[in-house]
Amino acid sequence: MNWEFIHKYWPLYEKAAILTVRIGLLGILAAALIGVIAAFIRYRKIPVLNKIVAFYIEISRNTPLLVQLFFIYYGLPKVGIKLDAEVCGIVGLAFLGGSYMAESIRSGLESVDKIQHESAISLGLSNRQAFTYVIFPQAISTSIPGIIANVIFLLKETSVFSAISVMDLMFTAKDLIGLYYRTTESLFMLVVFYLMILLPVCILGSIVERRVRYAGFGT
Amino acid sequence: MPDLGLDVLFKGSNFLRLLEGLSEAAKISLIAIAISIPVGLLVGVLMTSKNIILKVLFRVYLETIRIMPQLVLLFIVFFGTTKTLGWKLDGETASIIVFSLWGVAEMGDLVRGSLVSIPKHQYESSKALGLSKNQTFLYVIIPQTVRRMIPLSINLITRMIKTTSLVLMIGVVEVLKVAQQIIEANRMSSPNAAFGVFLMVFLLYFVLCFVISSIAGMLEKRWS
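My aim in this report is to walk through the structure given alongside it, one point at a time. This structure is a prediction, so every number in the text was calculated from the model and none was measured.

### Some words on the nonpolar core
- Core analysis: the largest hydrophobic core is formed by 113 residues, its most contacted members being L169 and L190 of chain A together with L18 and V197 of chain B.
- Looking at which element gives the most residues to this core, the answer is helix 8 (residues 193-223) of chain B, with 15 residues.
- With residues near it in sequence (within four places) discarded, V197 of chain B still touches V8, L9, L18, A179, I182 and I183 of chain B.
- Judged by nonpolar contacts, the second largest core, of nine residues, contains L110, L115, I118 and V140 of chain B.

Next up, the structure:
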């Protein structure tokens, strides 16, 4: 292990890590938004839209992110939709993550007993109030473990962005291996940086999960 | 109507070549699954044992595999171990190693999860009925575990097939690589081939995974 090498290229990884986190964060936020909307449509069984969302979920869950990215990055410009690599990454992550989030949130919504809605209505709440103040908070607490698993999964998936020449951690590692043949050091830094990103999320996730479980919403 | 580059797919044996690429991806995941199922079963049963050292060891193994993106694992095995250990490893073998390690960990956890989920009274009732330990396992526990496990392990298979798209990055010629080659070869005659060819790859993966995951969904519904 050559520590000088590590010291010299550490900042390069830092920059790449920040990029990875930024794309990951934006993608996950967009995915969560898509997830909530899609789950709501599925839950309420809004005609037509329900079918479209079901189709989207199947498409997005049954294809790999790398293939989605290749299609967005190399295929779509041919029909006039040009996005730069970073935006592609965010769009791809949102497209993939949206369906996973939707499924987690929907299963949460469906776990809330019907009587909750009926009681809310009989207390004089409007349909919308019943959903936002009664159903949704309870649903989220059951969805949290699934959502956390999705966040970790999506953060890990960001590693494929190097294939569409986003200068992320994988890209940096591969570059350094190719340039200097310092395989051990480059891979070591790669692992360290991924751990620095993923470990806190995992630990935070399990803490949140425990808290929510103790909160004892629902049944 | 703009040129979508779909014509390239029907030129010569291009479509066949894409399918060949897909079968390469399927081959890697099938071999990995064939290794992970028996080994994963063993690991899963061992994980429920009361031996603390064994438990901790497998836990560490599982979490290490889980926390790292698969692409990082592929890089470590393909670039890292060849450098430090000095052996020769082609991309295909490296990916089979990584997918097997991953599969064993996930399978082991699935088996452990379903074994633990069998309520205690099942063991107790079998004992009360006079079944021996082996009989309990064979006739009571295993049938129930298998039912819980099969849909979940089919999901693992689709996850694995989807993840095989990553082996492109360590130089294995699979469906995405073939697609790139086809696009490159037809750059002059149909400049828009990227759209049609990548769309086809997208659809191929979709059909393959959709069929498999539908089977899992059906089994889950029937056995729940």
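### Some details on the packing of aromatic side chains
- Tallying each qualifying case throughout the model produces 21 aromatic pairs over all chains.
- Taking the centre distance of 5.3 Å and the plane angle of 70 degrees together, the rings of F70 of chain A and Y74 of chain A count as edge-to-face. In this pair, F70 of chain A and Y74 of chain A are both assigned in helix 3 (residues 65-75), four residues apart and thus about one turn of the helix distant.
- On the accessibility criterion, F70 of chain A (1% relative accessible area) is buried.
- Both rings, one in F206 of chain B and one in F210 of chain B, keep their centres 5.2 Å apart while their planes meet at 25 degrees; by these two values the pair is stacked. Placement of the pair is F206 of chain B and F210 of chain B together in helix 8, with a separation of four residues, close to one helical turn.

### Quick notes on the layout of surface pockets
All names here are of chain B.
- Looking at the second largest pocket, its volume works out to about 510 Å³.
- If you trace the second largest pocket, you find 14 residues lining it, with K50, Y123, K133, T136 and F137 closest to the centre.
- Contributing elements (two or more residues each) for the lining of the second largest pocket: helix 4 (91-117), helix 5 (120-128) and helix 6 (133-163).
- For the lining of the second largest pocket, the class distribution of residues is six nonpolar, four polar and four charged.

### Describing unusual backbone geometry
All names here are of chain A.
- Phi is positive for V48, close to 65 degrees, though the residue is something other than glycine.
- Following the sequence through the fold, V48 ends up in the loop between helix 1 (3-44) and helix 2 (49-61).
- The backbone of S165 shows a phi angle near 55 degrees, a positive value even though the residue is not glycine.
- Turning to its location among the elements, S165 is positioned in the loop between helix 6 (127-157) and helix 7 (169-180).
- We classify S165 as partly exposed; its relative accessible area is 41%.

### Some thoughts on the environment of Y139 of chain B
- Within the fold, Y139 of chain B resides in helix 6.
- Separated by 78 residues in the primary sequence, Y139 of chain B and G217 of chain B have C-alpha atoms spaced 25 Å apart.

Reading the values: the criteria
- Residues numbered from 1 in each chain as written.
- Chains lettered and ligands numbered in written order.
- Predicted model: local features only at pLDDT ≥ 70, side-chain atom pairs only at ≥ 80, totals over all residues.
- Heavy atoms only, no water.
- Core = buried A, V, L, I, M, F, W, Y, C linked by side-chain atoms within 4.5 Å.
- Buried < 20%, exposed > 50% of the residue type's maximum accessible area, 1.4 Å probe, protein only.
- Helix = DSSP H or I, 4+ residues; strand = E, 2+ residues; numbered from the N terminus.
- Contact = heavy atoms within 4.5 Å.
- Phe/Tyr/Trp six-rings, centres within 6.5 Å; stacked < 30°, edge-to-face > 60°.
- 1 Å grid on protein atoms, 1.4 Å probe; cavity = no way out; pocket = protein on both sides within 12 Å on 5 of 7 lines; lining within 4 Å.
- Points joined across faces, edges and corners; volume = space filled by probe spheres on them.
- Nonpolar A, V, L, I, M, F, W, Y, C, P; charged D, E, K, R; others polar.

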